[in-house]
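# Fold and contact review
Below, each chain spelled out in residue letters.
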Amino acid sequence: MLSIQEARKRLPKKFMENMYEMFSPGTVDKLVSGMLSEKYTTLRVNTIKYNIQDLMKNLKENNIKFERVQWYNDALIIKNVKEKDIQKLDVYEKGYIYLQSLPSMVPPIVLNPKEGEKVLDLTAAPGSKTTQIAALMNNKGYILANELDKIRCERLKYNVSVQGATIVEVLNGRGEQLGTKYENYFDKVLLDAPCSGEGRFDAKSVITYKNWSEKTVRDLAKLQKKLFKSAYTTLKQGGIMVYSTCTLNKEENEKILQWALENLNIKLLDINIEIKEAIPAFNDNNIDNEDFNNFREINDTKKMNNLNKAIRILPSKNMEGFFVAKLQKI
């Protein structure tokens, strides 16, 4: 097992410098410890086909131990088996469940889609959030799930089919161009943006971070702005948008939000979800959040401005790193 000190040396030098600029040393140690942790298998029940009570009964019959997720009734943390074991189960093959990381489940919950709404998932593959949105809508309404990569698009189609998400239309195209085609059309939009993936770094596995560079971060930020503008354009006035990434830096998170607030008629909304690994997003003068569990305390301070309404989820035993913001077109 790598020590935290050894892990710090393995991870990209500039990435670690960025983390120390953003967080206190104690928080960086917790963050790196999270990147060293072997994650539990997590899943959600597909409520289009099944329910959590029957799933828990099924798992108990198979001697699979689990824990409920406090902030999401339809999600479970599996304690004693791996993904490959879950994939052998009948409930998996039938599409009754979906193997999905916990932070990946947060953006659709924050989006809060309703029956009958028109929803866009701008960068949708492999379909974990798309199918979750369909389940949250009780499979009633319309979802356009867009994906640029043809191979990933086929995977998206497969997952949508297995999960029985019949309200989903899959599109293989450039997300940047959808704004011109669907102007003021959607009630809600999810932009889970392509990103540098810092929240998914595994300190033990160099393959998870070998392609990271400052240039990659800068290039992705440019793409994120284009996708954000397109997503915003597709929204109806008053419509809700969720912007999320699985990365930790400010370039792809707070700075994208700041750009959007300065250039688009959009405002940030509060996110009402209690996750112990979540801290408020940073303002320029609010860089140090030592305690993972002080979200409510910080959220109540009068000094807080708009950016604090977004949340950053820090890596832990249960969670990968993530960033989530909720916005409204005004």
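Each chain has its residues counted from 1, following the order in which its sequence is written. Residue-level local features of this predicted model are given only where pLDDT is at least 70; pairs of side-chain atoms are given and counted only at 80 or more, and the full residue set underlies all totals for whole chains, interfaces and linings. Hydrogens and water molecules were not included; the side-chain quantities draw on all heavy atoms of the structure.

Criterion for a disulfide: a pair of cysteine sulfur atoms within 2.5 Å. Across all of its chains, the model carries 0 disulfides by this definition. Free of any disulfide, Cys153 has its nearest cysteine sulfur in Cys246, 19 Å distant. The rule is simple: take the accessible area with a 1.4 Å probe, protein chains only, and divide by the maximum for that residue type; under 20% is buried, over 50% is exposed, in between is partly exposed. Judged by relative accessible area, which is 2%, Cys153 ranks as buried. Take Cys195: it sits in no disulfide, and the sulfur closest to it among the cysteines is that of Cys246, at 3.3 Å.

Attention now goes to the sheet that holds strand β3 (residues 72–78). Within a sheet, adjacent strands bond to each other through the backbone by hydrogen bonds, running parallel or antiparallel. Spatially, β2-β3-β1-β4 is the arrangement adopted by the 4 strands of the open sheet, whose pairing is antiparallel. Unpaired on one side and paired on the other, β2 (66–69) and β4 (97–99) mark the two borders of the sheet. Taken pair by pair, the neighbouring strands of this sheet meet at an average axis angle of 30°, ignoring direction. Strand pairing is assigned whenever DSSP detects at least two bridges linking the two strands. The numbering of helices and of strands both runs from the N terminus, where a helix is a DSSP run of H or I of at least 4 residues and a strand a run of E of at least 2. The sheet contact formed by strand β1 (residues 41–45) and β4 spans 3 bridges and is antiparallel. Its bridge partner being in β4, Val45 is matched across the sheet by Ile97. Together, β1, β3 and β4 form the strand contacts of helix α8 (residues 128–136), whose direction differs from that of β1 by roughly 35°. A fitted line through C-alpha atoms represents every axis, and for helices the fit uses only the stretch in contact; the resulting angles, taken between N-to-C directions, go from 0 to 180 degrees. Only heavy atoms matter for contacts: two residues are in contact if any of them lie within 4.5 Å across the pair.

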